[in-house]
Amino acid sequence: MFTRSSLLATLRRSGRLPACNGSFQSAGKCRSFLNIFRNPRPTSEQLPALNDNELFHPFSKSPFPAVRARGETIQSLALCPVCTSDPKHAGGLPSRVKYECPDCGWPSHCSEEHWQTDEEHKKYCSRLREVNEDEHDLRRGRKMREFQLPGPQAYEEAISFANWDLFWYTRGFPSMDTERSRRHATKLLTYPLTIGSVLHQNSGLTLNNRRVTPEGSRSLAALRTTLHVPPGAPDTEEAGAAKPQMRVFILGARAESSLPPHVWEQLCMLFPSCHFHLFFIGPQVSLPKPADEAVVQGTESSASSTSGQREERKESPSLYVPNIYEPPAPRPIARLKRTRSSIQLYGFPSYTVPYTPQLTITGIQANYSEVHGQFEGTFDPYTDAFFLFSPGFGFPSMTSVSEPNGVPLLQIVSPTEWGPVIPALLASRCSIIVTGFSPADMERDIRSLEIAPNVSGEFEWVINPGINPFGSEKWEVADFDPRVMVKANWGLWAIRGKGRQIRNGDQLSHRF
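What is the right way to read the overall build of the chain from this model?
The helix and strand inventory of the chain stands at 16 helices and 17 strands. The buried share among the 512 residues of the chain stands at 45%. Considering only contacts in the chain between residues 6 or more positions apart, those separated by 24 or more positions represent 68%.

Got a minute to help me understand the packing of aromatic side chains in this structure?
Two measures describe an aromatic ring pair: the distance that separates the ring centres and the angle between the ring planes. What the rule picks out here adds up to 25 aromatic pairs. Here the aromatic rings of phenylalanine 393 and tryptophan 418 are separated by 5.6 Å at their centres, their planes lie at 85 degrees, and the arrangement is edge-to-face. Highlighted residues: phenylalanine 393 in the loop between β8 (384-389) and β9 (396-401) and tryptophan 418 in the loop between β10 (408-410) and α15 (421-428), separated in sequence by 25 residues. Take phenylalanine 393: its relative accessible area is 2%, and that puts it in the buried class. On the basis of relative accessible area, tryptophan 418 is assigned to the buried category, the value being 9%. Connected via pairs of aromatic rings, a cluster forms that spans Phe249, Phe279, Tyr346, Tyr368, Phe375, Phe379 and Phe386. When the ring centre of phenylalanine 56 is taken as reference, the NZ or CZ atom of arginine 129 above it lies at 4.0 Å. A cation over a ring is seen here: lysine 487 above tryptophan 475, with NZ or CZ 4.6 Å from the ring centre.

Just checking my understanding: could you explain the side chain of threonine 339 for this structure?
Note that threonine 339 resides in the loop between α12 (307-314) and β5 (340-341). Given the relative accessible area of 11%, threonine 339 is considered buried. Of the polar contacts made by the side chain of threonine 339, one reaches the backbone nitrogen of leucine 336; its length is 3.2 Å. Those residues in contact with threonine 339 that sit more than four places away from it in its chain are Pro288, Tyr351, Thr352 and Val353.

Whenever I open this one, the pairing of strand β3 (residues 246-251) confuses me. Can you help?
Working note: regular strand, side chains alternate between the two faces of the sheet. Judged by how many residues are buried, β3 sits mostly within the fold: 6 of 6 residues are covered. Note: β3 against strand β4 (residues 276-281), 6 bridges, orientation parallel. The partner of arginine 247 across the bridge, within β4, is histidine 277. Taken together, β3, helix α10 (residues 261-270) and β4 form a β-α-β motif whose crossover is right-handed.

Mind showing me how you'd approach the pattern of salt bridges here?
A side chain with one charge may pair with a side chain of the opposite charge, provided their charged atoms come close. Applying the stated criterion across every chain yields a total of 24 salt bridges. For aspartate 134, the salt bridge is made with lysine 474, and the minimal N-O distance between the two is 3.8 Å. Of this pair, aspartate 134 sits in helix α6 (residues 121-139) while lysine 474 sits in the loop between β12 (459-467) and β13 (476-478); the two residues are 340 residues apart in sequence, bridging distant segments of the chain. A salt bridge links arginine 140 to aspartate 137; the nearest nitrogen and oxygen atoms lie 2.8 Å apart. In this structure arginine 140 comes out as buried when scored by relative accessible area, which is 7%.

Would you explain the state of the cysteines in this entry?
By definition, a disulfide links two cysteine residues through a covalent bond between their sulfur atoms. Per the counting criterion, the structure on display carries 0 disulfides. Here cysteine 101 stays free of any disulfide, with the sulfur of cysteine 104 as its closest cysteine sulfur at 3.7 Å.

Hey, could you run me through the sheet that holds strand β7 (residues 359-364) in this one?
The strands making up a sheet are joined through hydrogen bonds of the backbone, oriented either antiparallel or parallel. On the basis of which strands lie adjacent, the open sheet formed by 9 strands has the order β5-β6-β7-β4-β3-β8-β11-β15-β12 and mixed pairing. At either margin of the open sheet sits one strand with a lone partner, and together these are β5 and β12. Its contacts with the sheet put helix α14 (residues 368-375) on β3, β4, β7 and β8, and the angle it makes with β4 is roughly 145 degrees.

Would you take a moment to explain empty space enclosed by the protein for this structure?
Rolled over the atoms, a probe sized like a water molecule indicates the empty space that remains. Throughout the structure, instances matching the rule amount to 3 cavities of 30 Å³ or more. What the largest cavity holds in volume is close to 50 Å³. Of all the secondary-structure elements, those providing two or more residues to the lining of the largest cavity are α6 and β14 (481-486). Taken together, the residues that form the lining of the largest cavity break down as 6 nonpolar, 2 polar and 2 charged.

Would you mind going over the side chain of aspartate 384 with me for this structure?
With respect to the helices and strands, aspartate 384 occurs in strand β8. Within the local environment of aspartate 384, its side chain forms a polar contact with the side chain of arginine 247, the two groups lying 2.8 Å apart. A distance of 2.8 Å separates a polar atom in the side chain of aspartate 384 from the backbone nitrogen of aspartate 380. Those residues in contact with aspartate 384, other than ones at most four positions away along the chain, are Leu223, Met246, Arg247, Phe249, Thr378, Phe379 and Cys430.

How each quantity is defined
- Residues numbered from 1 in each chain as written.
- Predicted model: local features only at pLDDT ≥ 70, side-chain atom pairs only at ≥ 80, totals over all residues.
- Heavy atoms only, no water.
- Helix = DSSP H or I, 4+ residues; strand = E, 2+ residues; numbered from the N terminus.
- Buried < 20%, exposed > 50% of the residue type's maximum accessible area, 1.4 Å probe, protein only.
- Contact = heavy atoms within 4.5 Å.
- Phe/Tyr/Trp six-rings, centres within 6.5 Å; stacked < 30°, edge-to-face > 60°.
- Lys NZ or Arg CZ within 6 Å of the ring centre and 35° of its normal.
- Polar contact = N/O pair within 3.5 Å; in protein donor to acceptor, adjacent residues only side chain to side chain.
- Pairing = 2+ DSSP bridges.
- Right-handed = clockwise from strand over helix to strand, strands pointing away.
- Salt bridge = Lys/Arg side-chain N within 4 Å of Asp/Glu carboxyl O.
- Disulfide = S-S within 2.5 Å.
- Axes fitted to C-alpha atoms, helices over the stretch in contact; angles between N-to-C directions.
- 1 Å grid on protein atoms, 1.4 Å probe; cavity = no way out; pocket = protein on both sides within 12 Å on 5 of 7 lines; lining within 4 Å.
- Points joined across faces, edges and corners; volume = space filled by probe spheres on them.
- Nonpolar A, V, L, I, M, F, W, Y, C, P; charged D, E, K, R; others polar.

Honestly, it's all geometry; don't read function into it.
Here's what the structure looks like:
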């Protein structure tokens, strides 16, 4: 018969029982003989502050200061919908929203009486509750597995851009088990994936489904010669050593400029042999914290702080930036180790960070018309593309008015906004990809092209207007009116400068 000691020795030699000394046994690092076949206990994770059935809270009673701050912002901006539609208030000032709907938790009316009489509120109340619970879910402290982004893609593994589900599956993302996880993930990835889904050779926007025009097919083919390797060659980082850099200009950048760089690195995973340089240009571009401030804050975070100081920091009014028509510049983003100032190069507050050998990010806090001269003459349709996320061409300008009658100009003709920009972009002959947050927003922007000088009749279509398969699935609610809800990058279209026919002797050629 086997003795206990001989059996343990046999198990250790076979590798089924780890060898350990007495010190490890006393420390609990070695499993005893009787439980060697039991599953190890899972590592303990910090429990979230709220359970799944505790996500709903009225804004004023939320356990998170940022949510309470947003509720206060809405109460200071939004007007009661019943008061605005009541003839009694014609010519008067409607009341602000002070009453929180018990079903969705949002400040929605000036009083409970008006809330009870408003039948329209029921049409969008469920969406507001959904957003309410999503905001609390983001802050409750659970492990956000939907934000675990995969690494490089093997060159023999194809990526599908048909829709979000197929993309997540072919890229190896964690399973999105709930609709809430989908909403969180699509909001995070909609900006880099919108760019990647348009430029990639496996794009779902094709001539066959009539989303891409013949002219657009030529423009996208030119870009893809830089983005991809020749057929049959491995699409790896080493294959792009001799390639030119791909420049993507994101004009009028706002929230997309504050995304962490590792989210934008997902763009490089789609094009392993390409080197990207992203330019965020706009007056609302997020800039890194100053170097001295970052050092001071890092020292403060490492030092012990009192509970009173922590509470005061939590209740700071800067916790929430309202999403009004023209919000202020967003809060500074984290300063990375290799971040350097570029103000001497561009003449405006700016930064550049070489995040990886494949990705460089530059942010310039200025209108594009002010820095266009520094890029003019360097554009190449094979290596450059412009992306404008919900630019608002058809919205009235806040700074420019028509001289004869004082009516606000549209932003696409405003000399301080898009007026001088779009003709300059068309002259470059590079593709201009534009998104919209709703069908009405897209139609408004496209119709504005017809009345803009030096734009109307000077462009040709690259991508016909339609739904963006990689738009965000999360509703974004306006603070100035909770009834206004949109989805970022819902639709997509693209144009480029019109080609000119050039006559060479008796032959008629078409300029690219």
